[in-house]
Amino acid sequence: MLRIGKLPISTFAFLIIIFPWVAHQIPGIEHYTDVMVFAGIYSLITIGLSLLMGYAGQISVGHAAFYGIGAYVSGILTARYGLNPWICMLAGISVAGAVALIVGAPCLKLKGHYLAMATLAFGIIIFIVFNEEAEWTGGPDGMSGIPGLSIFGFDFDSVEKYFYLVWGFVFAAFVFSVNIIQSGAGRALRAIHSSETAANAMGVNVSGYKVLVFVYSAVLASLAGSLYAHYLNFINPATFDLFFSIKLLIMIALGGMHNLWGAVIGAGIITFLNYEWLHYFEEFEVIVYGAILLVVVIFFPDGLAGIPDMLKKRLGKH
Amino acid sequence: METITPAGQLFQYLITGITVGSIYAMVAVGFNIIYNVTEIINFAQGEFVMLGGLVMVSLHVGMGLPLIAAFPATMIIVTLVGMLLDRLAISPIRRPTVLSLIIATIAASILLKGTAMFIWGKDPYDLPAFSGRNPITFLGAVIQPQYFWVIGFLIITVIVLTLFFEKTILGKAMSACADNPDAASLVGINVKQMILLSFALSAAIGAVAGIVVTPISLMEYDRGAMLAVKGFGAAVLGGLGSFPGAVIGGLILGAIESLGAGLISSGYKDAFALIVLMFVLFYKPSGIFGDIEVSKIKRF
Amino acid sequence: MNDTSNENILEVDKVVMAFGGLMALFKPDFSVQRGIIKAIIGPNGAGKTTLFNVITGFFSPTEGTVRFKGQPISSLKTHEIADRGISRTFQTIELFGNMSVLENVMLGCHTRVRASFMAAGFCLPGARRKEKEIQERAMKILRFIGLADKCNDPADSLPLGEQKILEIGRALASEPELVCLDEPAAGLNETETHVASSLIKAINAKGVTVLLVEHDMKVVMNVSDEIVVLNYGQKIAEGPPKEIRNNPKVIEAYLGGDT
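Residues numbered from 1 in each chain as written. Chains lettered and ligands numbered in written order. Predicted model: local features only at pLDDT ≥ 70, side-chain atom pairs only at ≥ 80, totals over all residues. Heavy atoms only, no water.

Peer 1: Outline the sheet that holds strand S9 (residues 209-213) of chain C, listing residues and values.
Peer 2: Residues and elements named next belong to chain C. Pairing is mixed across the open sheet formed by six strands, whose spatial order is S7-S8-S9-S4-S10-S11. On the outer flanks of this sheet lie strand S7 (86-88) and strand S11 (234-239), each paired with one strand and no other. Sheet twist, expressed as the average angle between the axes of neighbouring strands with direction ignored, equals 20°. When S7 meets strand S8 (residues 178-182), the two strands line up parallel, connected through three bridges. Bridging across to S8, Arg 88 finds its partner in Cys 180. (Pairing = 2+ DSSP bridges. Helix = DSSP H or I, 4+ residues; strand = E, 2+ residues; numbered from the N terminus. Axes fitted to C-alpha atoms, helices over the stretch in contact; angles between N-to-C directions.)

Put into structure tokens, the structure is as follows:
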């Protein structure tokens, strides 16, 4: 479960590469490539959250804030100041990383419920800032005119091109995170989850690692936010509200937060529910999300990615 | 017309703040009841308040039940919802960890919110004030009669609960569960039932808060989350688990919010309480009256 | 560095640890010579585990200092003290239950082979080589403590006795100069106790100084070179086992207590 080999990663990469082509062949799902762009954007966030929550065991119910910081820094600097989008993306990452450092250091001294509430409050405060600082953010109506992305004259101006860009980032983040998990740093994170006391006594800088992984997850969320802003060319605060933070929680709980695959699977499923399969429910989709979360936490505490292990255990018993 | 003096204005903010703060205090008391028995923080606590308001609207305004009948009927309905929450979301969890319990109560919270939207839609609802809406002018501030009901119910709630937990066997049994669940079950206390009872009690108090505040601030389906976070802020400010602390924490938080919105920025009204919450968590998580040594021993 | 002369590796200097009004430690004074096994004994509540927590930085003492190799360490953080070369086990087992036996020991190597987040993420060759090195070192330790064949089992699936042994193994992985063992024999049966005793001696034979808290007097008398006796947070006696056994103050403390 912890070893993620080269074969599955290559298979995964291959499936992603052929996805737009396959979607194009099957009538009725051509637009799935567009949905997959969002699945990729959310995967970037959930990969970071998986490290933070699943591996290091630190809960956050406020990551919509970092997602929003990335989107707004990119949006404001490009649309209002005409800066190069890639530089703005880096600026967004720096701001999100700095905020994560400042907020994370005191937050992560807290545990469990206190940490959850602190991150929740942080998320709502940032959401209020997006709404209130209308001079910068355009307020509740949002801001438009955010340019698309291009590099060396190559424009990411079609859904397919943006798909490959986003999933390229996802792939990089995935491999980077797998490498961390399979190194001493990943072991230290899991040790912190298991026993902070013992980890400390074994020389692990517990608070340092916690803040580090928090910053890492914030940076990935910010990157996702920038990609989102440049894809839609428009952002408004409602995208970055408390419910989005909860949706992120649903994604990693559904996929299985102790497993990086789970992060991607959960993000994928929830994205498709969000954009495709729950249209019928309109606004009442929130009930479906609540039900999913409850079923997962009661019956599949390790998420979908934990089901193979669960089955193995069941079969092994009989 | 009298002119509004700065002092009168300030007094007005304070009165409003104390009223809103009473609601936060009641939410905080609800948090404390469940926390004291289970050490769980119920993120769905605010939904009880929302339900209390909306169920009351349906019974009192919609079906025309008199106040005196609709009030207890609403409490009973919301109490049942609270018990259902425990039976469907909390007690079935086989490997309860802090994280899974947080997720379960968050799931319950959005389920309740979605169901409320399904039943009542998205519009805010009003409820007639218990004793009319002829305001009293006092020291330059305008005071709604409903304010007295809010504060009165807070006082009654706290007194009844304190007596319950300190004087009755059932109340003492409930407290024993949190101190040491294993020992409690050894001496024959049914821990599961005590947890169920704590959810019931906590929901009932949430309902009261919702019923008394709706005539002042209306009620709609999505108010729960904010009420929960602010109520938690009040609970932490006064020291998690303490009833007098919850009251003082709620009143201080309400006053800060009202003064902040009036004097600094109304747009950031909701942010003030949350900023206070974060600062308390960062610098004195045991609360303003709390003992740091004790809070270190706490499991969460 | 590695001279085995009469140098004191650890000095506990009038340490006071107060919790509110409760004095858990009141100015015990003693030192540990490099290379010996020193036991700390005393009735329940004498302050032994508190002393360990002060030495390893979990508590910072209200007064007094602890010196390690001549340097004061009382103001350092726990993980910094571990870095300097003090390792420990816990009275209530604190293994990483969800990790394998091998991973537990590998985590113990954390201080010696530092893993950088960035280097790991980019999978630099250095990071990979380090990882291999750690694994080999951990296996060597597992062979030394006799758990090599269980290296892939989850740590919490081991029986209690082996969990205790594994904790010692994890503590050794950081190549400490001083290792503090908190009741290594508690809850063990006779055979397991015997294994633990020989392990402690074997560790010491490798040149590691051992500080031991233990209730089992057979173990204490068998392995230790010197004994410190605490009662109510104060030192009441110190010396070789033979002297301690016949010390009237010690006998009184134990008889007057609950034993």
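Peer 1: So, the interface of chain B and chain A: which residues are in play, and what are the values?
Peer 2: Taken residue by residue, the interface counts 43 residues in chain B and 44 residues in chain A. The largest per-residue losses of area from chain B upon contact with chain A belong to B:Ile103, B:Ile110 and B:Tyr268, which jointly make up 15% of the total buried on that side. Our count for the chain B to chain A interface comes out at one salt bridge. The salt bridge partner of B:Arg95 is A:Asp302, with a shortest N-O separation of 3.4 Å. Taken together, the connections running from chain B to chain A amount to four residue pairs in polar contact (both at pLDDT 80 or more). Looking at the side of chain B that touches chain A, the elements with two or more residues in it are helix H3 (67-90), helix H4 (98-120), helix H9 (224-237) and helix H11 (269-283) of chain B. With 14 residues, the single largest contributor to the side of chain B that touches chain A is H4(B). Looking at the side of chain B that touches chain A residue by residue, the classes come out as 34 nonpolar, four polar and five charged. (Contact = heavy atoms within 4.5 Å. Buried area = accessible area lost by both parts, 1.4 Å probe. Salt bridge = Lys/Arg side-chain N within 4 Å of Asp/Glu carboxyl O. Polar contact = N/O pair within 3.5 Å; in protein donor to acceptor, adjacent residues only side chain to side chain. Nonpolar A, V, L, I, M, F, W, Y, C, P; charged D, E, K, R; others polar.)

Peer 1: A description of the domain arrangement of chain C should follow, citing residues and the corresponding values.
Peer 2: All names here are of chain C. Domain boundaries assigned for chain C yield domain 1 (1-85 + 177-259) and domain 2 (98-175). The C-alpha-based centres of domain 1 and domain 2 are spaced at 26 Å. Across the contact, 19 residues belong to domain 1 and 13 residues belong to domain 2. Between domain 1 and domain 2 the total buried area reaches about 1,200 Å² when both faces are included, carbon and sulfur atoms providing 71% of it. A per-residue breakdown of the area domain 1 buries against domain 2 is headed by Asp 83, Leu 199 and Ile 203, which together make up 35% of the total. Counting across the domain 1 and domain 2 interface gives zero salt bridges. At the surface where domain 1 touches domain 2, the tally comes to one residue pair in polar contact (both at pLDDT 80 or more). Counting only elements with at least two residues in the side of domain 1 that touches domain 2, the list comes to helix H2 (78-84), S8 and helix H7 (190-205). Here the side of domain 1 that touches domain 2 takes six residues from H7, the largest share from any one element. Residue composition of the side of domain 1 that touches domain 2, grouped by class: 11 nonpolar, two polar and six charged. (Domains from an automatic or database assignment.)

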